[in-house]
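# Summary of structural features
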Amino acid sequence: MSMKAKKAKEISGKAAAAPLLAWYDKHARVLPWRARKGERADPYAVWLSEIMLQQTTVATVGPYFTGFLKRWPNVEALAAAPQEEVMKAWAGLGYYSRARNLHACAKEVSSEYGGKFPDTVEGLESLPGIGPYTAAAIAAIAFGRAATVVDGNVERVVARLFEIETPLPAAKPDIREKARTLTPEQRAGDFAQAMMDLGATICTPRSPACNRCPINDLCDARAAGTQNLLPARAPKKARPTRRGACFWLVREGHVWLRRRPDKGLLGGMLEVPGTPWDESDRHRTVIELSHDENGGRRGVAGEVLDHAPMEAEWRLVPGLVEHTFTHFHLELEVFTATTRKKIVPGREGMWVPLEEVAGEALPTVMRKVAAHAMPDAGPLFVKR
């Protein structure tokens, strides 16, 4: 760095690195993917954890990370694994494009880089599934590069430290620039993790523990008394509600499942077959109940049963399965039926033993559907 650049950094930044690193040396969180003090970070473990931690909490990631590392201890082992097995192991973590990109990245690192991750931000960004944030995190933590790492925790710390009042997400460029002025040339990886830990344990979203913060004397928001108001956020748009139905078809201890297309929402995952999901009511049941000769209740399900895997006596399970995705809320009706037929005409899918469903690559919403599906419940609907 030139003398002019160093001077500019000193003027625009805050001397946060030394006190924050001293605090981190004493109070760093113990996480399964972190190198212990004096040990060198494993790039594979850093990469795996950073991909898993995207949009997911540390508490959720821990068991998944440990399971992946035990099953596939290095990038070559993960590259050699069938994609289906990787998707099964990922099930429940959500954002399933990450799992597909994880596998693709492992294959590329194994075949093109001899199992060694590139050690620069630019090289890492060229790999599948690695964007600017993840590349910076791996470069800093695994390779000691002076890269600026900005996740949600860091955004909050920096917004308060510099009292940035512009609401998120518009404030992101300013936050990133201010964060760059803080990043030290040495121990950049430890500094990045220290900032994350500070945001996770002290500079929390509500009621930050400013009296315990190692850099509270540098914080503009604390000086102004605005720390509880920052970072400001633009009003969230209301999530639309989409609706649909699923069909739980059972045959001799097996259930009929199908695989979603590789691209798109929940790509490559198994699912209980069903209708499209949309914001209209056209894929919801229009119930016209009547009593049959045996005292049971029969109804007409409109066009919903046009999407059923086969003609059968379908029962509507009372209640709805609800699940919230990033951009919409979903409500699903669930129908159940049994059949003796082994062939499901004109439908792609597979019979999966019921006892093996828990181990399949089912996303969380489909696990909810499976839990909701129960025999002999609700009014009967017949697809003829």
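Now for a quick tour of the structure. Here the structure is a predicted model, which means the values were calculated and not measured. (Residues numbered from 1 in each chain as written. Predicted model: local features only at pLDDT ≥ 70, side-chain atom pairs only at ≥ 80, totals over all residues. Heavy atoms only, no water.)

Summed over all chains, the structure comprises 17 salt bridges. In this structure, Asp197 and Arg29 form a salt bridge, with 2.7 Å as the shortest nitrogen-oxygen distance. Residue Asp197 is found in helix α12 (residues 188-201), and its partner Arg29 is found in the loop between α2 (17-27) and α3 (43-53); the two are separated by 168 residues along the sequence. Judged by its relative accessible area of 0%, Asp197 is buried. The salt bridge partner of Asp197 is Arg34, with a shortest N-O separation of 2.7 Å. Here the residue Asp197 occupies a position in helix α12, and Arg34 occupies one in the loop between α2 and α3, the gap between them amounting to 163 residues. For Arg34, a relative accessible area of 12% puts it in the buried group. Counted as one network, the salt bridges with shared partners bring together Arg71, Glu85, Lys88 and Glu360. (Salt bridge = Lys/Arg side-chain N within 4 Å of Asp/Glu carboxyl O. Helix = DSSP H or I, 4+ residues; strand = E, 2+ residues; numbered from the N terminus. Buried < 20%, exposed > 50% of the residue type's maximum accessible area, 1.4 Å probe, protein only.)

Moving on, we come to the nonpolar core. Membership of the largest hydrophobic core comes to 103 residues, with the highest contact counts inside it found for Trp47, Phe68, Leu78, Trp90, Phe117, Val158 and Leu198. The element that contributes the greatest number of residues to this core is helix α9 (residues 132-143), accounting for 8 residues. Leave out the neighbours within four places in its chain, and Leu198 touches Leu20, Trp23, Val157, Cys203, Cys213, Pro214 and Ile215. (Core = buried A, V, L, I, M, F, W, Y, C linked by side-chain atoms within 4.5 Å. Contact = heavy atoms within 4.5 Å.)

Let us now look at the state of the cysteines. If you walk through the whole model with that rule in mind, you get 0 disulfides. Cys203 takes part in no disulfide bond, and the closest cysteine sulfur to it belongs to Cys213, at a distance of 6.4 Å. Of all cysteine sulfurs in the structure, the one in Cys219 sits closest to Cys210, which takes part in no disulfide; the separation is 6.2 Å. (Disulfide = S-S within 2.5 Å.)

Consecutive side chains of a regular strand alternate in pointing toward one face of the sheet and then the other. The sheet contact formed by strand β1 (residues 241-251) and strand β2 (residues 254-259) spans 2 bridges and is antiparallel. Looking at the pairing, Arg251 lines up with His254 of β2. Here 4 bridges tie β2 to strand β9 (residues 350-353), and the two strands are oriented antiparallel to one another. Within β9, the position partnered with Trp256 by the bridge is Trp351. (Pairing = 2+ DSSP bridges.)

Here Thr181 is to be found in helix α11 (residues 172-182). Among the residues examined, Thr181 registers a relative accessible area of 6% and is labelled buried. For Thr181 and Thr148, which are 33 residues apart along the polypeptide, the C-alpha to C-alpha distance reads 8.9 Å.

Before going further, it helps to spend a moment on the packing of helix α6 (residues 83-90) against helix α7 (residues 97-112). Following both chains from N to C, one finds α6 and α7 inclined at 135 degrees, their axes separated by 10 Å at the closest point. Comparing their axes, α7 and α6 come out oblique. For α6 against α7, the interelement crossing comes out right-handed. Here Gln83, Val86, Met87 and Trp90 of α6 come into contact with α7, specifically with Arg98, Ala99, Arg100, Leu102 and His103. (Axes fitted to C-alpha atoms, helices over the stretch in contact; angles between N-to-C directions. Parallel < 35°, antiparallel > 145°, perpendicular 65-115°, else oblique. Left-handed = near helix turned anticlockwise from the far one by under 90°.)

This paragraph deals with the pairing of strand β8 (residues 329-338). Burial analysis of β8 places 9 of its 10 residues in the buried class, which makes it a mostly covered element. Where strand β6 (residues 313-316) lies against β8, 2 bridges are found, and the strand directions are antiparallel. By the bridge assignment, Arg315 is partnered in β8 with Thr336. Sheet topology note: the strand β7 (residues 321-324)/β8 ladder contains 4 bridges and is antiparallel. Counted as the bridge partner of Glu322 is Glu331 from β8. Hairpin connection of β7 to β8: 4 residues between the antiparallel strands.

Just geometry here; none of it tells us what the structure is for.
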